[in-house]
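Listed below are the residues making up each chain.
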Amino acid sequence: MTAEYSALSPREAQDGQLRDELRGAPMEPDRFLSLAIGITAALADIHRQHIIHKNINPATILFDHRTGTVTIGDFSSSSRLPCEYPTQESIYSLKGQLAYLSPEMTGRMNRVVDYRTDMYSLGIVFYEMLTGELPFHADDVLEWVHCHIARMPLSPSDLISSIPSVLSAIVMKLLAKNAEERYQTALGLKSDLERCLAAWQATGEIEPFAVGENDIPDRLLIPQKLYGREDDIRTLHAIFDTVIDQGTTALVMVAGYSGIGKTSLVRELYKPVIDASGFFVSGKFDQYKRNIPYLTIAEAFRELIQQILTGSGEDIALWGEQFQDTLGSNAQLVIDVIPLFELIIGKQPPVAELPPSEERNRFNMVFRQFIGVFTAKGHPLMLFLDDLQWVDPASLKLIEDIVTHAETRYLLLIGAYRDNEVTPSHPLMLTLDEIRKDRTNLRTITLSPLSFGDLSHLLADTLHSTPERLEPLTGLVYSKTSGNPFFALQFLMTLHGEKLLNFDDQKGCWRWDINRIKAQGFTDNVVDLVVAKLRRLSAEAQDALKLAACIGNTFDLHALAAISAISVEKLRGHLWESLAGGLVLLVDESTYAFLHDRVQQAAYSLIPEADRQEVHLRIGWLMLDQSSATELDEQIFDIVHQLNLGAALLSGQVEKQRVAELNLLAGRKARASSAFVAALSYFSAAAGLLGDGTWEAHYVLTFDIYKELAVVEYLNSNYAHSRELIDLLLGKARTDLEKAELHNILIVQYTLTAKYAEAIQSGREALRLLHIDVPETNLKEELNTLLAENGEILGDRGIASLIDDPEMSDPEKIVSLELLSNMVVPARYTDSTLFALVTVLNVNISLR
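Residues numbered from 1 in each chain as written. Predicted model: local features only at pLDDT ≥ 70, side-chain atom pairs only at ≥ 80, totals over all residues. Heavy atoms only, no water.

Looking at the overall build of the protein chain
Moving on, step 1. On a plain count of helices and strands, the protein chain comes out with 38 helices and 14 strands.
Moving on, step 2. For the protein chain, restricting intrachain contacts to residue pairs at least 6 apart in sequence, the fraction spanning at least 24 positions comes to 71%. (Helix = DSSP H or I, 4+ residues; strand = E, 2+ residues; numbered from the N terminus. Contact = heavy atoms within 4.5 Å.)

Quick notes on the packing of helix 27 (residues 612–625) against helix 28 (residues 629–645)
Moving on, step 1. Between helix 27 and helix 28, the shortest axis-to-axis distance is 7 Å and the interhelical angle comes to 155°. What the angle tells us is that helix 27 and helix 28 run roughly antiparallel. Classified by chirality, the crossing of helix 28 by helix 27 is left-handed. Contacts from Gln-613, His-616, Leu-617, Ile-619, Gly-620, Trp-621, Met-623 and Leu-624 in helix 27 reach Leu-632, Gln-635, Asp-638, Ile-639, Gln-642, Leu-643 and Leu-645 in helix 28.
Moving on, step 2. A per-class count over the contact of helix 27 with helix 28 returns 9 nonpolar, 5 polar and 1 charged. (Axes fitted to C-alpha atoms, helices over the stretch in contact; angles between N-to-C directions. Parallel < 35°, antiparallel > 145°, perpendicular 65-115°, else oblique. Left-handed = near helix turned anticlockwise from the far one by under 90°. Nonpolar A, V, L, I, M, F, W, Y, C, P; charged D, E, K, R; others polar.)

So, the pairing of strand 8 (residues 411–417)
Moving on, step 1. Burial runs high along strand 8: 7 of the 7 residues are buried.
Moving on, step 2. In strand 8, alternate side chains face the same way, and those of Leu-411, Leu-413, Gly-415 and Tyr-417 on one face and Leu-412, Ile-414 and Ala-416 on the other are all buried.
Moving on, step 3. Here strand 5 (residues 249–255) pairs with strand 8 via 7 bridges, running parallel. Directly across from Met-253, in strand 8, lies its bridge partner Gly-415.
Moving on, step 4. Of the pairings in the sheet, the one linking strand 7 (residues 381–386) to strand 8 comprises 5 bridges and is parallel in character. Within the sheet, the bridge partner assigned to Leu-385 lies in strand 8 and is Gly-415.
Moving on, step 5. Considered for its hand, the β-α-β crossover made up of strand 7, helix 16 (residues 393–404) and strand 8 is right-handed. (Buried < 20%, exposed > 50% of the residue type's maximum accessible area, 1.4 Å probe, protein only. Pairing = 2+ DSSP bridges. Right-handed = clockwise from strand over helix to strand, strands pointing away.)

Comments concerning the packing of aromatic side chains
Moving on, step 1. Using the criterion set out here, one finds 26 aromatic pairs in the structure.
Moving on, step 2. Ring geometry for Tyr-270 against Phe-280: centres 4.4 Å apart, planes inclined by 45°, an arrangement best described as tilted. Here the residue Tyr-270 occupies a position in helix 10 (residues 270–275), and Phe-280 occupies one in strand 6 (residues 279–284), the gap between them amounting to 10 residues.
Moving on, step 3. For Phe-280, a relative accessible area of 4% gives the class buried.
Moving on, step 4. When the ring of Phe-370 is compared with that of Phe-374, the centres are 5.4 Å apart and the planes differ by 85°; the resulting orientation is edge-to-face. (Phe/Tyr/Trp six-rings, centres within 6.5 Å; stacked < 30°, edge-to-face > 60°.)

Some details on the nonpolar core
Moving on, step 1. Formed by 143 residues in total, the largest nonpolar core has its most connected members in Phe-301, Phe-323, Ile-338, Phe-341, Phe-367, Phe-370 and Phe-374.
Moving on, step 2. Ranked by residue count, the leading element in this core is helix 32 (residues 699–715), at 11 residues.
Moving on, step 3. Listed in part, the 59 residues of the second largest apolar core include Leu-33, Ala-36, Val-70 and Ile-149. (Core = buried A, V, L, I, M, F, W, Y, C linked by side-chain atoms within 4.5 Å.)

Structure, rendered in structure tokens:
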């Protein structure tokens, strides 16, 4: 029987399909072996062309009875990349292939997809050929995922005793959950099958032998299992078990140097999370986007939203009802952070306005409620936040609130950070100190470099040799990388790329020359290694990565094409070099990610420092030009981030005014989400762009920027500067109403700092500006008069009863009355904005 492969789809091919042969009846060994050898040979030919098929199943295996030719067709899912990193969402586009899907293809394994994914799928096909049935049966996507990741099938010989044990062993080797334990090459598998066929044809029996002895890969396949982390993995598993069993919340911090394996360690929890029917979501903070609030947390939960949206209409509606019941009228706060959420819950009304000082409490409460929909007995949530050394202040506050609040249950939050890049005074460390005081279940795991022995085992498994033979090479790798796993792998791949580490086809082993390697004078700095690798790319590929590095650790193909001013297809070609070289990863059809932040850092370093501002400014203007009104609201932080990085190059007051307006929008959005530190940076940037004469030429814009700045200054406890800004504004204000608004800000600020006398004075001044003179005595009667005059506006809000509240001190009553009065008056002005807010009583009265 000869073997071929074809790019024809099964419908186009003239041959029969293997599935037509599979009618629930087991094949006899000779028939099985004859077909299996042909199929394996065809697959070996495909792999020899550097193609991963990714869709091996009976419908794609074709054969011609007349010629005995086996053909593998349907290359619609195939890839020429040496490996891919599937996402958790990718499985929902593979529903027709679920029975033959490898564990790593599910996106729920801490593994990449390479040629060995086809070996697992082939194992499913062989199982079906030998036994007449599939090794697993499931009713939905998640059940299939669980089968492939966690369940071991009965061996074929246990199912049918007449099946030779060695054939059963071959199939079970193909079905190993970890790719390292499968056949590594189709040729190695073919060798064993041919040995079996020869024995069967000669004697009618197959004597047992050690399978896989001739299976030595001729390409560099790095083992994906973790070395030297067994105790840390057990610790994580135990903590997760506690979260499930006791319904608690746990916070685990994983610390260590860049490249030490923090992310790989955490992803070892994929399997237990799936076993527990839980959710695993992750986000990664970006070194170049530290001022964008909630970006990474939103990124993490966007994964969950996308998973929900791939379900049936009925399921989506059910989720929508749960969210609506839980979040009520505050659902828009989540949409503001995760716009995709609107596709589940629909359009939502604006949230009621609150005093700025109360907005954070409400936002944190709403986000806790949002998370609570995902966390329950029977489906825990594991949230992984990577690179916390770059966390934004708003996210840090939200994390603290989530893990310390009594309502949060069935949640394991894991954060990873570089402990050599944070000091005791770093906001992250200060927050962790506060969390410890709350006696939250907080654990820190600090990862060390690999020992010489661990590195020796890694190289032995990679090069299929003994630690003794590898000792000189291991010593060199260890001296260059100090046992850092990422650095070690990059060094190995560099040696392979420079043809200093080669597979000897004649002797069937890997060879290297230590003296030649030493003569190259490789640097000990992995960034320099990556930069050197980047410089070997074409100029077009380098340009694409430089712009991508400015966008972030994850970037969209279409956005990058627009910024690059080239077609999507041409850009896809430029990025191919980076994909093939393992510098970037394909997340989905149009989303790419840098392999590691060190690669992003190296790509960014290729931009001359003198040119970086111009690049960021160009990116910002292009993003702005291509954004609709809705997209502008969703992408305002990204756009302003780019423009602010290039603000020094803005030409003329018109451009500066436009960027100031955008900063004002970004600041207001940040403040509405209680990201007060970020809001302060945006309003400050806006104020810095205002030039001479701006009070006269652009009064409204200038007034709004300084007023917002005054508010967020006190929200960040910068009370003195806030008061200075309000004094400036009082001198510039053109109307009594504007001045009254400023006094209202002072009332809230003074109340927060318990300066009641000053609050009363500001309130009285505000009321005088609005032509209301509150007497020094009989304040209750005055309030009742105001309530009577404005009863239609206020409705039945039960405000008068507050005056008789015995829990309130006299100063609190007086300040509350002033604020209540201040709320009533603006209703008489048709152009009034909402006045804030009764802070002391936590009462919200919205009037226009």
